[in-house]
Amino acid sequence: MTEENKKKPAGDRIAKVLARAGIASRREAEKIIEAGRVQVNGVIITSPALNVTERDRIVVDNKPLAEPEAPRIWLYHKPAGLVTTERDEKGRKTVFGALPPEMPRVMSVGRLDIASEGLLLLTNDGELKRTMELPATGWLRRYRVRINGSLSEAKLDELRNGITVDGVEYAPVEVKFDRQQGANAWLTMGLREGKNREIRRLMEAMGVVVNRLLRISYGPFQLGTLKPGAVEEVKQRIVRDQMGLRKTPKPTMVKRNTKGKRPPPKRGTNASAKAKPTGSTGKTPRR
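Each chain carries its own residue numbering, running from 1 in the written order of its sequence. Given that this is a predicted model, residues contribute local features only at a pLDDT of at least 70 and side-chain atom pairs are listed and counted only at 80 or more, while totals for whole chains, interfaces and linings are drawn from all residues. Think of the side-chain values as coming from all heavy atoms in the structure, minus any hydrogens and water.

*Asks:* I'm lost on the overall build of the chain in this one. Help?
*Replies:* Along its length, the chain carries 9 helices and 17 strands. Counting over 287 residues, the chain shows a buried share of 33%. The contact criterion used is simple: two residues touch if any of their non-hydrogen atoms lie within 4.5 Å. A separation threshold of at least 6 residues defines the contact pool for the chain, and within that pool the share at least 24 residues apart is 62%. The numbering of helices and of strands both runs from the N terminus, where a helix is a DSSP run of H or I of at least 4 residues and a strand a run of E of at least 2. Residue burial is assigned from relative accessible area. The probe radius is 1.4 Å, only protein chains are included, and a residue is buried under 20% of its type maximum, exposed over 50%, and partly exposed in between.

*Asks:* How should I be thinking about the pattern of salt bridges in this particular structure?
*Replies:* Once their charged atoms are close, side chains differing in charge can pair, the charge on each being opposite to the other. Throughout this description, the term salt bridge denotes a Lys or Arg side-chain nitrogen within 4 Å of a carboxyl oxygen of Asp or Glu. Within the structure shown, the criterion is met by 15 salt bridges. E233 serves as the salt-bridge partner of R72, at 2.8 Å between the closest nitrogen and oxygen. With R72 in the loop between strand 6 (63–64) and strand 7 (73–78) and E233 in strand 17 (residues 231–233), this pair connects stretches of sequence that are 161 residues apart. The class for R72 is partly exposed, based on a relative accessible area of 23%. Owing to a relative accessible area of 33%, E233 belongs among the partly exposed residues under this scheme. For R160, the salt bridge goes to E153, with nearest N and O atoms at 3.0 Å. Taken together, the salt bridges that share partners define one network made up of D113, R197 and R200.

*Asks:* Any chance you could explain the pairing of strand 9 (residues 117–123) here in plain terms?
*Replies:* Within a regular beta strand, the side chains point alternately toward one face of the sheet and then the other, so they alternate between its two faces. Among the 7 residues of strand 9, 7 are classified as buried, and the element is accordingly described as predominantly covered. Being paired, for any two strands, means DSSP has found at least two bridges between them. In this structure, strand 7 lies alongside strand 9, joined through 6 bridges in antiparallel fashion. Counted as the bridge partner of L75 is L121 from strand 9. In the sheet, strand 8 (residues 107–109) pairs with strand 9 via 3 bridges, with the strands oriented antiparallel. Each bridged residue has a counterpart across the sheet, and for V109 the counterpart in strand 9 is L121. Pairing of strand 9 with strand 15 (residues 209–218), which is carried by 2 bridges, proceeds in the parallel orientation. Within strand 15, the position partnered with G118 by the bridge is R215.

*Asks:* Just checking my understanding: could you explain helix 7 (residues 198–205) for this structure?
*Replies:* Since the α-helix advances by 3.6 residues per turn, residues separated by three or four positions end up pointing in the same direction. Residues E198, I199, R200, L202 and M203 constitute the buried set of helix 7. Looking at the packing, one finds that the buried side of helix 7 touches strand 10 (141–148), helix 6 (153–161), strand 11 (163–165), strand 12 (168–170), strand 14 (184–191) and strand 15. Where helix 7 terminates, the next one or two residues include G207, which has phi positive at roughly 90 degrees.

*Asks:* Looking at this model, I keep getting lost on the packing of aromatic side chains. Mind explaining?
*Replies:* Working definition: an aromatic ring pair is given by the centre-to-centre distance plus the angle between the planes. Any Phe, Tyr or Trp ring, taking Trp's six-membered ring, that has another such ring centre within 6.5 Å forms a pair; planes under 30 degrees apart are called stacked, those over 60 apart edge-to-face, and the others tilted. Enumeration according to the criterion identifies 2 aromatic pairs in this entry. With centroids separated by 6.2 Å and ring planes inclined at 85 degrees, the aromatic side chains of W139 and Y218 adopt a geometry described as edge-to-face. In this pair, W139 is assigned in the loop between helix 5 (126–133) and strand 10 and Y218 in strand 15, connecting sequence segments 79 residues apart. Of the two residues, W139 and Y218, both sit in the buried class. Considering the side-chain rings of W139 and F221, the 5.9 Å spacing of their centres and the 75 degrees angle between planes classify their relative orientation as edge-to-face. With a gap of 82 residues between them, W139 in the loop between helix 5 and strand 10 and F221 in strand 16 (residues 221–222) connect regions that are remote in the sequence. F221 shares its class with W139; the two are buried. Here a set of aromatic residues connected by ring pairs shows up, and it is made of W139, Y218 and F221. Looking at K195, its charged tip hangs above the ring of Y170, at a distance of 5.4 Å from the centre. By the criterion adopted, a ring carries a charge over it if an Arg CZ or a Lys NZ lies within 6 Å of its centre and within 35 degrees of its normal.

*Asks:* Help me understand the layout of surface pockets, please; the structure alone is not making it clear to me.
*Replies:* To locate leftover empty space, one rolls a probe as large as a water molecule over the atoms. Here a cavity is any set of points on a 1 Å grid over the protein atoms alone where a 1.4 Å probe fits but cannot get out, and a pocket is any open set with protein on both sides within 12 Å along at least 5 of 7 lines; a residue lines the site when it has an atom within 4 Å of a point. Grid points are joined across faces, edges and corners, and a volume is the space filled by probe spheres set on the points. Space inside the second largest pocket adds up to approximately 430 Å³. Taken together, 17 residues make up the lining of the second largest pocket; nearest its centre are V17, T53, E54, L65 and P68. Examining the composition of the lining of the second largest pocket, we find that 3 residues originate from one element, helix 2 (residues 14–20), more than from any other. Side-chain classes follow a simple rule in which Ala, Val, Leu, Ile, Met, Phe, Trp, Tyr, Cys and Pro form the nonpolar group, Asp, Glu, Lys and Arg form the charged group, and the remainder, Gly included, forms the polar group. For the lining of the second largest pocket, the residue count by class is 8 nonpolar, 2 polar and 7 charged.

*Asks:* Mind showing me how you'd approach the sheet that holds strand 2 (residues 38–40) here?
*Replies:* Here we have 4 strands laid out as an open sheet, ordered 3-2-5-6, and antiparallel in their pairing. Each edge of the open sheet is held by one strand with a lone partner, namely strand 3 (43–45) and strand 6. As paired elements, strand 2 and strand 3 share 3 bridges and run antiparallel to each other. Along strand 3, the bridge assignment pairs V38 with I45.

*Asks:* How should I be thinking about the pairing of strand 7 in this particular structure?
*Replies:* Extensive coverage of strand 7 is indicated by the burial of 6 of its 6 residues. Neither face of strand 7 is exposed, since I73, L75 and H77 on one face and W74, Y76 and K78 on the opposite face are all buried. Here 3 bridges tie strand 7 to strand 17, and the two strands are oriented antiparallel to one another. Looking at the pairing, W74 lines up with E233 of strand 17.

Here it is as structure tokens:
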């Protein structure tokens, strides 16, 4: 064992364990801990700087922590008019209040503002949520954008090169002019950063106003023909493939050879194809 391994404490950080169990994202889990809502082995903790193992008994809000489920992802077609939050201080309708009652506890991957619609990813796993939201993941988020007015190719080139708005630098975005429809125009835009209200602010900087914003994809996941308000779970095979998750292989039972005896050759091998000694019938095996 190396010195580095000796110094590293066993287990995982408590906030990571709570996130993996679907309690909240890691950041929110840290707030829950700091609020004194978590006990480990009967002791209330207020700092996330603690590693725990499967032997530790964890209680959140006086309820034992359940075993983590397999990471799951759902596609949700968010309608306009819903806020992406658990509870809204203004009493507005929320995404989570609109989900079917049979849905387990889930978290959103990123957000869509109240006026935006389209694909919103949901997951039961806080660590998976964090991974999909990280800029380092580099997933492209693609949108159909309707603006009042029009934009020249020169203006679109500015967006493709990246611009600064009110001191905030915006990375280059993919943008394509689709069609003019009366006083409105449709664009397709793709971005990787996902700053707050990024598309609306970019369009305002270009002198036009967004009057409809529809997210059609998030990384490899597509909205497709999913209707507004509908939810569809992604198949586990696809979740594992896209997120780099793998099933834990089951142990293979291996029979030990009896001492002093050679194991019989497998059927179909060269050894099994050799002629056997003739028996009382005097016949030799077929070749």
